[in-house]
Amino acid sequence: YLLVAITDINTLSYTDNIPDSGLTGVMGYGFNKGDSTNNIIQINGVKSFYTDKYTTTVGFNAGAGLGAGGGNGLYVGSGAGQSITSGYGNTFLGTNAGGSTTTGLNNVFVGGAGGANQGSYNVYMGQNVETSMSGSANYNVVIGYLNNYQQSTAATGNTIVGALSSQTATLGSYNTMLGYGTGYY
């Protein structure tokens, strides 16, 4: 293994010029020193990679808004979880997945631009799923392209599977929609 101590916070790079064949020792754990440059890689001043014990962000501006109460999640994709401040336990995968969510808990959003609400315990999979929600939707499963796309009121306990389902309808709570275009109007 190779362990290098950088003793000041002004050193921004390290060049590894030691061949792996010359490394000896036992696999161990790395520990970090707390400072403002810790665990972050930036591109043009924007956080693009961050990791700690409970949170990993990968992508330009992914998890950018993580505050002291936020984290404990996975945010992968440009803008994934970029507005999250105090939500935790989320998994956002895709460009802008959960991009406008600020306080949601334990959500799984997979697909570009999915998951606009502030609710918790939701599973959204597909491109542009649930992008217009203004309130807190909880305990929903929405799978498919453009599902719940224009839904503007908070809804709870819905299961929507199929492309273009519940796209423009005011949904309400505790509904099940299966198949292409169900609940479209």
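The structure under discussion appears in the preceding block.
Being a predicted model, the structure only gives us computed values, none of them experimental.

Engineer: Tell me about the sheet that holds strand β9 (residues 159-161), and name the residues and values.
Structural biologist: The strand order across the open sheet formed by 10 strands is β1-β2-β3-β4-β5-β6-β7-β8-β9-β10, and the pairing between neighbours is mixed. Either end of the sheet is taken by a strand with one partner, and the two such strands are β1 (40-43) and β10 (176-178). In this sheet, neighbouring strand axes are inclined to one another by 10° on average, regardless of whether the strands run parallel or antiparallel. Bridge count for β9 against β10 is three bridges, and the pairing is parallel. Bridging across to β10, I160 finds its partner in M177.

Engineer: I'd like a rundown of the environment of Q82, residues and numbers included.
Structural biologist: For Q82, the location among the structural elements is in the loop between β4 (74-76) and β5 (91-93). A relative accessible area of 29% places Q82 in the partly exposed class. Considering only alpha carbons, one finds Q82 and G63, 19 residues apart in sequence, at a separation of 4.4 Å. Apart from the residues lying within four places of it in its own chain, the contact partners of Q82 are N61, G63, A64, G65, N96, G98 and G99. A polar side-chain atom of Q82 sits 3.3 Å from a polar atom in the side chain of N61.

Engineer: Run through the pairing of β1, naming residues and quoting values.
Structural biologist: Pairing geometry for β1 and strand β2 (residues 46-51), over four bridges, is antiparallel. Pairing of I41 across the sheet is with F49, part of β2. Counting the residues that bridge the hairpin from β1 to β2 gives two residues, and of these N44 lies at a positive phi of roughly 50°.

Engineer: Requested: an account of unusual backbone geometry, with residues and values cited.
Structural biologist: Even without being glycine, N61 reaches a positive phi, approximately 70°. With respect to the secondary-structure elements, N61 resides in the loop between β3 (56-58) and β4. For N61, a relative accessible area of 25% puts it in the partly exposed group. The residue N106 is not glycine, and still its phi comes out positive at about 55°. Along the chain, N106 turns up in the loop between β5 and β6 (108-110).

Engineer: So what about the packing of aromatic side chains? Which residues, and what values?
Structural biologist: Within the structure shown, the criterion is met by four aromatic pairs. Ring geometry for F109 against Y124: centres 4.8 Å apart, planes inclined by 10°, an arrangement best described as stacked. With F109 in strand β6 and Y124 in strand β7 (residues 123-125), this pair connects stretches of sequence that are 15 residues apart. For F109, a relative accessible area of 0% corresponds to the buried category. Between Y121 and Y139 the ring centres are 5.1 Å apart and the planes differ by 10°, which places this aromatic pair in the stacked class. Taken together, the positions of Y121 in the loop between β6 and β7 and Y139 in the loop between β7 and β8 (141-143) put the pair 18 residues apart, joining distant regions of the chain. Taken together, Y75, F92, F109 and Y124 form an aromatic cluster joined through their ring pairs.

Engineer: Tell me about the environment of Y54, residues and numbers included.
Structural biologist: Position of Y54 relative to the elements: it lies in the loop between β2 and β3. For Y54, a relative accessible area of 54% puts it in the exposed group. Separated by 35 residues in the primary sequence, Y54 and G89 have C-alpha atoms spaced 9.0 Å apart. If sequence neighbours within four positions are ignored, Y54 has contacts with N72 and G73.

Quick notes on the rules
Residues numbered from 1 in each chain as written. Predicted model: local features only at pLDDT ≥ 70, side-chain atom pairs only at ≥ 80, totals over all residues. Heavy atoms only, no water. Pairing = 2+ DSSP bridges. Helix = DSSP H or I, 4+ residues; strand = E, 2+ residues; numbered from the N terminus. Axes fitted to C-alpha atoms, helices over the stretch in contact; angles between N-to-C directions. Buried < 20%, exposed > 50% of the residue type's maximum accessible area, 1.4 Å probe, protein only. Contact = heavy atoms within 4.5 Å. Polar contact = N/O pair within 3.5 Å; in protein donor to acceptor, adjacent residues only side chain to side chain. Phe/Tyr/Trp six-rings, centres within 6.5 Å; stacked < 30°, edge-to-face > 60°.

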